[in-house]
Amino acid sequence: MTALGMITVDTTDARRLSAWWAERLGGEVVFDAEGWFCVVSVPGWSTDLGFQYVEEPSPGKNRLHLDLVRDEQEDREAAIAAWTAAGAVHLGLRGESDFQWDTFEDPDGNEFCIAAGH
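This one's a predicted model, so the numbers in the text were calculated from it and none came from an experiment.

**Section: the overall build of the chain**
Within the chain one finds two helices and eight strands. When its helices and strands are written in sequence order, the chain yields β-α-β-β-β-β-α-β-β-β. Relative to a compact globule of 118 residues, whose C-alpha radius of gyration would be 13 Å, the chain shows 14 Å and is just as compact. Its C-alpha atoms give the chain principal-axis dimensions of about 40 × 30 × 25 Å.

What follows is the structure, given as structure tokens:
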């Protein structure tokens, strides 16, 4: 089973944008990975907002994408096989050793990510 884990926005300044959204939504920045990835939690929301540093947002890459969470019991390779069999393109494993995710494109080329629960 796959569930919505986070809504993530690309930005050239993850700390600034996450603080801005947290202030406006009455939330708080609950995770900051040295400015390259920040998470905002909003009271009453079941989904957090993520803000991911990119050097330059590109019109060719969607600026908003879904971060999905797979069941920790589900094998990563089996999950990749199932998504690609359904028409997704696996773009690779991303992140760092303690925080990784697989990036895909849907049939229209929109990127989304799937990670084990974190």
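After that view, the rundown keeps rolling.
**A few points about helix α2 (residues 76–85)**
Two to three positions downstream of the cap, the backbone nitrogen of Glu-77 sits 3.2 Å from a side-chain oxygen, assigning the N-cap of α2 to Asp-75. A positive backbone phi angle near 115° is found at Gly-87, which sits one or two residues after α2.

**Focus on the side chain of Asp-102**
You can see Asp-102 is positioned in strand β7 (residues 99–105). Side chain to side chain, Asp-102 and His-90 meet in a polar contact 2.7 Å long. Not counting residues up to four positions away in its chain, the partners in contact with Asp-102 are Arg-76, Ile-80, His-90, Gly-92, Leu-93, Phe-112, Cys-113 and Ile-114.

**Re empty space enclosed by the protein**
One water molecule sets the probe size; rolling that probe over the atoms shows where empty space is left. A full pass over the atoms with the stated rule returns two cavities of 30 Å³ or more. Roughly 30 Å³ of internal volume is contained in the second largest cavity. What lines the second largest cavity is simply Arg-70, Arg-76, Ala-79, Ile-80, Trp-83, Asp-102, Phe-104 and Ile-114. The set of elements that each furnish at least two residues to the lining of the second largest cavity consists of α2 and β7. Per element, the largest residue contribution to the lining of the second largest cavity is four residues, and it comes from α2. Class assignment for the residues of the lining of the second largest cavity results in five nonpolar, no polar and three charged.

**Some words on the pattern of salt bridges**
Close approach of charged atoms allows side chains of opposite charge to pair. Evaluation of the coordinates by the stated rule reveals five salt bridges. The shortest N-O distance in the salt bridge between Asp-13 and Arg-16 comes to 3.8 Å. Owing to a relative accessible area of 31%, Asp-13 belongs among the partly exposed residues under this scheme. The salt bridge partner of Asp-32 is Arg-15, with a shortest N-O separation of 2.7 Å. Here Asp-32, found in strand β2 (residues 28–32), pairs with Arg-15, found in helix α1 (residues 14–25); they are 17 residues apart in sequence, far enough to count as distant. On the accessibility criterion, Arg-15 (44% relative accessible area) is partly exposed.

**Comments concerning the environment of Arg-94**
Here Arg-94 shows up in strand β6 (residues 89–96). Taking C-alpha positions, Arg-94 is 9.3 Å from Cys-113, a pair spaced 19 residues apart along the chain. When near neighbours in sequence (up to four residues on either side) are disregarded, Arg-94 contacts Phe-99, Gln-100, Trp-101 and Thr-103. Of note is the side chain of Arg-94, whose polar atom sits 3.4 Å from the side chain of Thr-103.

Criteria and thresholds
- Residues numbered from 1 in each chain as written.
- Predicted model: local features only at pLDDT ≥ 70, side-chain atom pairs only at ≥ 80, totals over all residues.
- Heavy atoms only, no water.
- Helix = DSSP H or I, 4+ residues; strand = E, 2+ residues; numbered from the N terminus.
- Rg over C-alpha atoms; globule rule 2.2 N^0.38 Å.
- Polar contact = N/O pair within 3.5 Å; in protein donor to acceptor, adjacent residues only side chain to side chain.
- Contact = heavy atoms within 4.5 Å.
- 1 Å grid on protein atoms, 1.4 Å probe; cavity = no way out; pocket = protein on both sides within 12 Å on 5 of 7 lines; lining within 4 Å.
- Points joined across faces, edges and corners; volume = space filled by probe spheres on them.
- Nonpolar A, V, L, I, M, F, W, Y, C, P; charged D, E, K, R; others polar.
- Salt bridge = Lys/Arg side-chain N within 4 Å of Asp/Glu carboxyl O.
- Buried < 20%, exposed > 50% of the residue type's maximum accessible area, 1.4 Å probe, protein only.

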